[in-house]
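Examination of the molecular architecture
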Amino acid sequence: QQSHMLPAPVFEIAGQLGLSDCYAARPTVIEGFQGKPIDAACGAFHTVVLTSTHIYTCGNNKYGQLGRQGPTSQFCHLTLSSMFLYSVVQVACGAEHTLALTGNGQVHAFGSNRFSQLGVPSVEGLSFESKTVTGLSDVQRIACGYYHNVAINRVGQVFCWGFNRHGQLGQGHVRTEGSPVAVVSSLRDFTFASECSCGPHSTAIVDAEGEVYVWGMNTSKSWDEDCLLPRLVDDLSGKYGSNYFIRQFGCGMSHFVALTDSRASLAMDSIVRMCNSKLSSMEVEQMEMLKGVFRSLSPSTVTGLQARARRILHKMSNKKYPNVHCDEGKIEFELSGFSDSSIFLMFTNRGSQSVSITLSSPPSENYSLLFSPSHLHIGKKKTLQVKVTLKCCQLLDNIDYTLIHYVALCRKSPNLPTHGFVHVRISPPQTLHVNRESYETLKKNHDLAISFLSVLSSYLPNSLVVKIFQDPRPPSEPLSCTFEAAILFIDISGFTSLNERLAQLGADGPEQTSKHLNRYFGQLIDVVTPLGGDVLKFAGDALICMFGREAAALDAIKPVKHGNEEVKDNLRSITLRALHCGLIIQSRFPEYDSNQGFKLTLHIGIGAGKLHSLYVGGVDDSWEYLVSGEPFTQLKSAVDNSLTGEVVVSPEVWDMVKDVCTGHLKEGTHDYLVQTMSEDLDFPLDESSLHFHMGMEAALRCYIPRGIQSRLDSWQSGWLAEFRRATILFVKLSGLAYEKDREIDLTKINDVLRCMQATVFFYEGMVRQFLVDDKGTVLIAAFGAPPFSHEDDPLRGVKAALKICKDLNQMRLTNSIGVTTGRVFFGCVGTSKRQEYAMVGPLVNLSARLMVAAEKTGSGILCDQNTMTCVGYRIKFERLPDIFVKGKQEPVAIFKPMHVSTDTKVRKQRELIGRVSETRQLCDKFRQFSVGEDSEVSIIEGPAGIGKSTLLGYISQMVTNADSSKVELFMGNCDAVESSTSFYCWRSIVQQLMGVDPEANQANFDTEMFSVLLSSDLVKFAPLLNSVLPFLQIRENDTTKALSERDRLAAIRRLIKLMLQTRVYQKKLVIVLDNAQWMDPASMVLVTETYMDVHPVWLIISGRPGLQMDHNKLAMAQRMRLQPLCLEDTIQLVCSILNADTMSAEVMQAVAKSEGNPFFAEELAYDMTESGVLSTEIGEDGKTCLVMVKTTKLEDDAVDATDTAGTGKELTHIPRNIQSVITGRIDNLPPSTQMVLKVASVIGMDVPLGLLRDIFPIAEENVQLKRHIRKLMSLGFLVMQYKHNYTFKSAMIQEVCYHRMLFSQRQQLHMQIADWYERKHRFNLLAVYPMLSYHWNKVIENSTDLSAIPYVDLCRAVKAFLGMAETISKSSTPKEAKAWLDKAMKMANIADQKNASKVEQTESGEQAKGELQDVPSSARPHVVLPAALQKVKSAPEFEIDLMKSKGAVQSKLKMTSGSSFNAAMK
């Protein structure tokens, strides 16, 4: 209890490992982090991991040291806007706080400040949010003790702050410092502090000369007391003095550890020995050693050890002593050729004493320099020549420079000049060459790195890429540039009807839409780019192209010529280019024919004038490049007034081009229709190309959606596209001005975007685009996009829309929002040269239409029917009259979200089936609680859908049926989205305690509870209840306004406990808290305090596996872990839901796919009933039986569950809620592991490792397949059947993975799998006909155009189908064999038609054989099919079946190889 005693952290289990287990006896790999790991740090009971994209924290959060609300046993990333303006480069942890160092040299802190360790005097208590440490700049390194910190700035100065009882701040006193103070040296000034370290109550630094200084708590017997000032550690002695060069130094509570730099120590030792040697041979040996060492050291290290060596020599003798000096010179060289070459350097000694010199060059990844001789003696006023040979290790630029280090030794004069005693004169520049043998390998590696940058840059406009090339620093603040340019707006007509028509084809409609759109976009981009245009944005079905660039990024595009004269006016020149481009496009591509019964056409608008390029955003390091200004204002009318095939320009453009163009004013408008341009105009093509260097990568990533970066890193650029269920938001803003003072507008636009970004990222959505087009300023967002998929994405989307609408209204910006939900195609639009990651499908179009409708009707937000259905249980909606929108023939139902409902009931409670032991245990616990006076706690754990909520419903019914005068039930529910909202799960409980109605206009307190509050000294804290029940609106008073955040939370807990204690005097309390895995930290603390202070109470906490409880008694409570139901109970559950007595075998097979998960079984039952798959029949015994009546096709909200045995029979489809659960699990996997799961799903339920390895499309990941499979097994996706053969643990997982892939991707993989089986079993195909026929059947099912399948593959498919028919005819029914024969006939007909067309081409003299040359004549359909038919017909049952279905069939079938296939069929 003495005042100097320090608070010592008490050991606790706080989830600091980021694992579900409490302990890990061995190192355990933790995966799932986004970005490249950079740094990690440990506090007393919390952990911080820094990656290139996020900060992740886990563990104890009592003092806010995690930088967010809530403790967690899993790593969660922070969203710290003030920090993420710059990239974080280092993290450090104290006992109760955390520091983060950003790239701009600022230090941010969060956590406890009770010993002033945050360095922010204004913070009292604790801070969950990051605060900038005052008084520091240009910081390079940081470290934390228990309650103090140390930092080193760019010039090597040392600063400390925080607790100082043991002098750990190095100030010569023991006063605590709330702000950073410079450390005072007791011996000499630090030459340059380079590293720092802290023990719990001590501090150490390593300076640039490799020496260590320590101060603070003393645990050494050689020191009598604590060290209040820095003290040199002089015991690190070698043979010749303190010649260990220390690189790093670590501090513990009572010990230290030093890490030496062996190379620098060797160099220092060599210098000292060389200077004391009398033998010239020894001197030469040491100089040679120095040469090799210096080549591997950095210049700053060389400088430090040289100074250190000279000080050592000063101490050793008072006589004349040798002097060592290091200097450097520069060489210029060129690259041209493929063989090594040399140049000669002339060294002149201008001093009065002879010197010894050794030469080396600093380490380089690009090249190395060889010196001959590398060691030389130069007499006074003498000159020597040295040969320098270049050896390249990597591809070099055309011109490069290098530095050469000189280590010079003068043995006699103590006054050796510090500069100028050695002069390097370089002979005239000669050509240096690269070794031919290494050139190709180096070029390949270099090209691979550059190609990756090229892929990244394809997602950005060229003008932005050029700007990043010139200034590769990642953006740190909003910027604006003004320049003149022309905007070419190309709008595609017919896209909406294309979307709707292709959607009728089935699930592959959006994929087909994307294919046709990209094909058309590719034709347009190939015209725009050579003429100097830059594709700014893909705005749905439109291209926004810019002609003209910022001055800083201006390329050498030759001006337009009119006759022999160049057009001097830059704006006029680029406007003519834009107009010329538009006319060429309309003449070359007036329409696009899809060959599927529809056409696309174009209409074009052009505006020109002053533009502003804005670099805005920055939340979570995500930036947007926005171009706006006068041309877009002009386009609003020009695009609307243009018709199909027209190029319409604004009046401003017409004034610039009318002297060289023909056209006229469009009737009823102010815009002009341009028809032709003068033939005297010459438009030189833009021959410039983009350039890249490795420093650009960080800046490029800032403008690319985070969700696809990890996939690009895994070389999956060709596999980004997939189908996903998502919620789409379109937000339109009105009132943003772009043409006034850009500084004011820049700030406002940046604030608006950051506000929307913060909301979207908070709900873990993706910002697809922020752009200005002919409709105004629009933001597009998606919830359910990679890498985040949630069960409640529709709810997140609607909540985000409500929050954005509210925030924009507060900013006085008119806004309208459209929200839709369903199955969407996610992938790239454009070409490999210029593309964007986007969403495609009718659902996306509908969201845009609803946004426009919301603007017209003034509704604010409009949602579609599907969104309302998904979230109607949580959001109150107003049904509005149906509307007609473009592209829809039928009216569309629309709904306006009003507010979030406070009703915690989600859906009708299902009957409790099974769970006999669990209910018995709970009943015993309730009886014990009812008669006793002690508090009880029950923890129920289980995965999603296992029946936790149903069991809680049983408990609720059990308590309700008890004597209401003795027991009262309270229920609360946690929410994933509200996991950072304090006391969220207690809202309904407090509402019940206070007796208030959230739907009422004003709060009416329960009379008894109100009187208790009035009589209590806590009544002054009543306004704090507003944060628990926002609708209360109790006015704040001076007392509550003065409270810190920590004190506010404590006061709220006291208020709630007071109400609970008041109620517990009357009756016992049963408090049920569901979904506790999402419980916020404040609620968790209140749970602990309720258990300790309120008696008697029965706490029932339900959540997913791995729940972490703060209190020891809670953590040690017995946990009830729910297991899947047995098949009998699952069948009984489904029959109970659908009011049936029994079910057929087919229905049982479908129900068994739920694998005992009650939620999955219930969803399957409801979904099959609603889709018409199930019906009921009354049996002879009078019992109701469920039977399967038909199969279903893939719909927007369901996934087909196809029998993978090869029969092609479709059983049922997977409901959307189950899809969301499975998709969320898959999205938590790393991209490479997801890719393995996708490819495995195409193989089928059973996955041979050899097959998976041979067809895996990402060669770089092939060697890691076993590691990925082990991870999938550990997470329950795969199980091992036997060695090197695996199977999916659940058929639903396989089906969801399979149907997320594009049809073209599936077709490609199925074809490779069939090829693999044919190669591996070419001598015994009969054994693999079931697998061959299955995969060739899938190739056909996933093809939208069968005629596009190559002839050779059609022949292989026919052969597989015939083999399957022959195999089945021996063991199965004739009907199944006939089905495979029908497929063979269909494919053979198509092959016969391709054969005939090829023969006609051959006869007409064209190059014809092509694919036919790859197919042996004996394998062609008209030869193979008759023989196979004869074999199948040998079964009597087959002939009888054919007789019944098609009539008489000849008993024998004779065909020659020259007969046509159609004749064979007859």
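Treat the numbers as computed from the prediction; the structure is a model and nothing was measured. (Residues numbered from 1 in each chain as written. Predicted model: local features only at pLDDT ≥ 70, side-chain atom pairs only at ≥ 80, totals over all residues. Heavy atoms only, no water.)

1. With respect to empty space enclosed by the protein
Per the stated rule, a full pass over the model turns up ten cavities of 30 Å³ or more. Each pocket or cavity is described by its volume, and for the largest cavity that value is around 530 Å³. Along the wall of the largest cavity there are 37 residues; nearest its centre are S622, I704, P705, R706 and V767. Secondary-structure elements contributing two or more residues to the lining of the largest cavity are β29 (533–539), β35 (623–629), α13 (706–713), β41 (766–773) and β44 (835–840). Considering only residue class, the lining of the largest cavity consists of 20 nonpolar, nine polar and eight charged. (1 Å grid on protein atoms, 1.4 Å probe; cavity = no way out; pocket = protein on both sides within 12 Å on 5 of 7 lines; lining within 4 Å. Points joined across faces, edges and corners; volume = space filled by probe spheres on them. Helix = DSSP H or I, 4+ residues; strand = E, 2+ residues; numbered from the N terminus. Nonpolar A, V, L, I, M, F, W, Y, C, P; charged D, E, K, R; others polar.)

2. A closer look at the packing of helix α20 (residues 987–994) against helix α23 (residues 1045–1064)
Remark: α20 packs on α23, axes separated minimally by 10 Å, with the N-to-C direction vectors making an angle of 55 degrees. Between α20 and α23, the crossing angle belongs to the class labelled oblique. The interaxial crossing formed by α20 with α23 has left-handed handedness. Contacts between α20 and α23 involve V990, Q992, L993 and M994 from the first element and I1056, M1059, L1060 and R1063 from the second. In terms of residue class, the contact of α20 with α23 is built from six nonpolar, one polar and one charged. (Axes fitted to C-alpha atoms, helices over the stretch in contact; angles between N-to-C directions. Parallel < 35°, antiparallel > 145°, perpendicular 65-115°, else oblique. Left-handed = near helix turned anticlockwise from the far one by under 90°. Contact = heavy atoms within 4.5 Å.)

3. What to know about the confidence of the model for the protein
Mean pLDDT over the protein works out to 77, with 75% of the residues at or above the 70 mark. Contacts for the low-pLDDT stretch residues 334–339, under 50 throughout, to residues beyond four places or in other chains number 22 contacts. Confidence drops under pLDDT 50 across residues 551–555; counting only partners more than four residues distant or on other chains, this segment forms nine contacts. (pLDDT = per-residue confidence, 0-100.)

4. Thoughts on a positive patch on the surface
Where like charges cluster on the molecular surface, the positive patch consists of R1253, K1266, R1270 and K1283. Mapped onto the elements of the fold, R1253 is located in helix α31 (residues 1249–1255). On the basis of relative accessibility, which here comes to 34%, the residue R1253 falls in the partly exposed class. (Patch = residues over 30% accessible without salt bridge, like charges linked within 9 Å, V, L, I, M, F, W, Y side chains within 5 Å. Areas by Shrake-Rupley, 256 points an atom, 1.4 Å probe, with all protein chains shown as cover. Salt bridge = Lys/Arg side-chain N within 4 Å of Asp/Glu carboxyl O. Lys, Arg positive; Asp, Glu negative; His and termini not counted. Charge placed at Lys NZ, Arg CZ, Asp CG, Glu CD. Buried < 20%, exposed > 50% of the residue type's maximum accessible area, 1.4 Å probe, protein only.)

5. Details of the sheet that holds strand β31 (residues 561–562)
On the basis of which strands lie adjacent, the open sheet formed by three strands has the order β32-β31-β39 and antiparallel pairing. At either end of the open sheet lies a strand with only one pairing partner, and these are β32 (565–566) and β39 (681–682). (Pairing = 2+ DSSP bridges.)

6. So, a negative patch on the surface
Together, E484, D569, E630 and E652 make up a negatively charged patch on the protein surface. With respect to the element layout, E630 can be found in helix α10 (residues 630–640).

7. Side note on the sheet that holds strand β49 (residues 967–973)
Strands sit in the order β49-β50-β51-β48-β52 across an open sheet of five strands; the sheet is parallel. One side of each edge strand has no neighbouring strand; the edge strands of this open sheet are β49 and β52 (1119–1121). Going across the sheet, the axis of each strand differs from the next one's by a mean of 15 degrees, ignoring polarity. In this structure, strand β50 (residues 1068–1074) lies alongside strand β51 (residues 1097–1103), joined through five bridges in parallel fashion. Counterpart to I1071 in the pairing with β51 is L1099. Packed on one face of the sheet, α20 meets β49 and β50 and runs near 145 degrees to β49. Contacting β49 and β50, α23 runs over the sheet at an angle of about 135 degrees to β50.

8. A word on helix α33 (residues 1291–1300)
Among the ten residues that make up α33, ten are buried, leaving the element largely enclosed by the rest of the structure. When we look at burial in α33, the residues that qualify are A1291, M1292, I1293, Q1294, E1295, V1296, C1297, Y1298, H1299 and R1300.

9. Notes on the environment of I468
Relative to the helices and strands, I468 resides in helix α6 (residues 462–470). Sequence separation between I468 and L700 is 232 residues, and the spatial gap between their C-alpha atoms is 7.4 Å. In this structure, I468 is in contact with L460, M696, A699, L700 and Y703, ignoring residues within four places of it in sequence.

10. A closer look at the nonpolar core
Within the largest apolar cluster, 155 residues are counted, with the highest numbers of intra-cluster contacts made by I490, F547 and L579. With residues near it in sequence (within four places) discarded, L579 still touches I606, V647, V649, V657, C661, V674 and M677. V1134, V1173, M1301 and Y1317 belong to the second largest nonpolar core, which has 92 residues in total. (Core = buried A, V, L, I, M, F, W, Y, C linked by side-chain atoms within 4.5 Å.)

11. Observations regarding the packing of aromatic side chains
Per the counting criterion, the structure on display carries 20 aromatic pairs. Judged by centre distance (5.3 Å) and plane angle (65 degrees), the rings of F521 and F538 are edge-to-face. Residue F521 is located in helix α8 (residues 509–528), and its partner F538 is located in strand β29; the two are separated by 17 residues in the primary sequence. There is no split in this pair, since F521 and F538 are both buried. A network of ring pairs unites the aromatic residues F115, Y146, Y147 and F163 as a single cluster. In this structure, K1068 packs its charged tip against the face of F929, placed 5.4 Å from the ring centre. We note K1383 situated over the ring of W1380; from NZ or CZ to the ring centre the distance is 4.4 Å. (Phe/Tyr/Trp six-rings, centres within 6.5 Å; stacked < 30°, edge-to-face > 60°. Lys NZ or Arg CZ within 6 Å of the ring centre and 35° of its normal.)

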